[in-house]
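In case you want the letters, here they are:
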Amino acid sequence: MLAEVLRDIVRAVLGGGADISSLNPLPVTETAGGKGLSEVLNQATIAAGVTTTLNDCMGLNLGYCQRTLALTVEAMYDALATAGIRVHVISSYGDSEGGTHTGAMGAAVLTDAAAHFPIPNGLVGLTVNNSTDGSSGVITANTINTVTAVLAGGTANVWNTDDVYYINGAGYDTADFDTWSPAFAAGTFIRQTKPYLSDPGYLKVLIENLDLLQAVTVVTASFTWENRT
């Protein structure tokens, strides 16, 4: 009884409902000092067999100072789940992707022959901005060098050859900076933390649900960061 009361107190203080153990350590960095918290994915539900996209996750900007990091991932597994999640940490030197429209005039499709966008549809939900005419649109599809989005708010709201564009949050590597799998047990809430000592510029976290039948819920990913002196 006492153990259950203490467990409930820990859950109430720390949030989310985790039991603290070697598999679920406290979300801290390895050294003491002033810390900050950046939540990049907040209590998401990830459908069976689905991986979150660039648009689902906020980016962490490390470009202005050196930091040590710890990534804490939380998730609730369904009672019928047979597999857990996989964490994909991806990096970028500048966060944004940009270039020029190399195709003919068109209302919705941007073409950049020099681009290497994530496929399939890795940019869906992000906003593409036409710097030349001031228009923008939410991306509904993309291939390796095309982006589909209905433009609005500009002078022409179409793509003309040599129009300049940028897409915030799109400039991330297609290869993972790091990949790891938290602990798994059906019907449990997990919290795990992994430290990082490098400083790659920008980071995002994509979560892959390895279970092909059950959704995973209240998925949260947070970076605890600390200035290095």
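Figured I'd write up the structure that's included with this text. Computed from a predicted model, the values in this text were never measured in an experiment.

1. Some points on the environment of Ile119
As for its position among the elements, Ile119 is in the loop between strand S6 (109-111) and strand S7 (127-130). Judged by its relative accessible area of 53%, Ile119 is exposed. Apart from residues lying up to four places away in sequence, Ile119 is in contact with Asn142, Thr143 and Ile144.

2. Digging into the pairing of strand S14 (residues 202-209)
Looking down a regular strand, the side chains alternate between one sheet face and the other. In terms of burial, S14 is largely enclosed, as 8 of its 8 residues are buried. Of the two faces of S14, the one lined by Tyr202, Lys204, Leu206 and Glu208 and the one lined by Leu203, Val205, Ile207 and Asn209 are each fully buried. Here 2 bridges tie strand S2 (residues 60-61) to S14, and the two strands are oriented antiparallel to one another. Bridging from a neighbouring strand, Asn61 pairs with Tyr202 of S14. Bridge analysis of strand S4 (residues 85-92) against S14 gives 8 bridges, and the strand direction is antiparallel. When the sheet's bridge partners are listed, Arg86 is paired in S14 with Glu208.

3. Here we look at unusual backbone geometry
For Asp95, which is not glycine, the phi torsion reads 70° and is therefore positive. Counting through the fold element by element, Asp95 comes out in the loop between S4 and strand S5 (97-100). The exposure class assigned to Asp95 is buried, which follows from its relative accessible area of 16%. Phi at Val218 takes a positive value of approximately 40°, unusual for a residue other than glycine. Mapped onto the secondary structure, Val218 falls in strand S15 (residues 216-227).

4. Digging into the environment of Gly59
Tracing the backbone through its elements, the reader meets Gly59 in the loop between strand S1 (35-46) and S2. Sequence separation between Gly59 and Lys204 is 145 residues, and the spatial gap between their C-alpha atoms is 4.9 Å. Discounting residues that sit within four places of it in the chain, Gly59 has contacts with Tyr172, Leu203 and Lys204.

5. Comments concerning the pattern of salt bridges
Under the counting rule described, the total for this entry stands at 3 salt bridges. Between Arg191 and Glu74 there is a salt bridge, with its nearest N and O atoms 2.8 Å apart. Here Arg191, found in strand S13 (residues 189-196), pairs with Glu74, found in strand S3 (residues 67-77); they are 117 residues apart in sequence, far enough to count as distant. The burial state of Arg191 is the same as that of Glu74; both residues are buried. Its salt-bridge partner being Asp178, residue Lys194 comes within 2.8 Å of it at the nearest N-O pair. With Lys194 in strand S13 and Asp178 in strand S12 (residues 178-180), this pair connects stretches of sequence that are 16 residues apart. For Lys194, a relative accessible area of 27% corresponds to the partly exposed category. Since its relative accessible area comes to 16%, Asp178 is described here as buried.

The rules behind each value
Residues numbered from 1 in each chain as written. Predicted model: local features only at pLDDT ≥ 70, side-chain atom pairs only at ≥ 80, totals over all residues. Heavy atoms only, no water. Helix = DSSP H or I, 4+ residues; strand = E, 2+ residues; numbered from the N terminus. Buried < 20%, exposed > 50% of the residue type's maximum accessible area, 1.4 Å probe, protein only. Contact = heavy atoms within 4.5 Å. Pairing = 2+ DSSP bridges. Salt bridge = Lys/Arg side-chain N within 4 Å of Asp/Glu carboxyl O.

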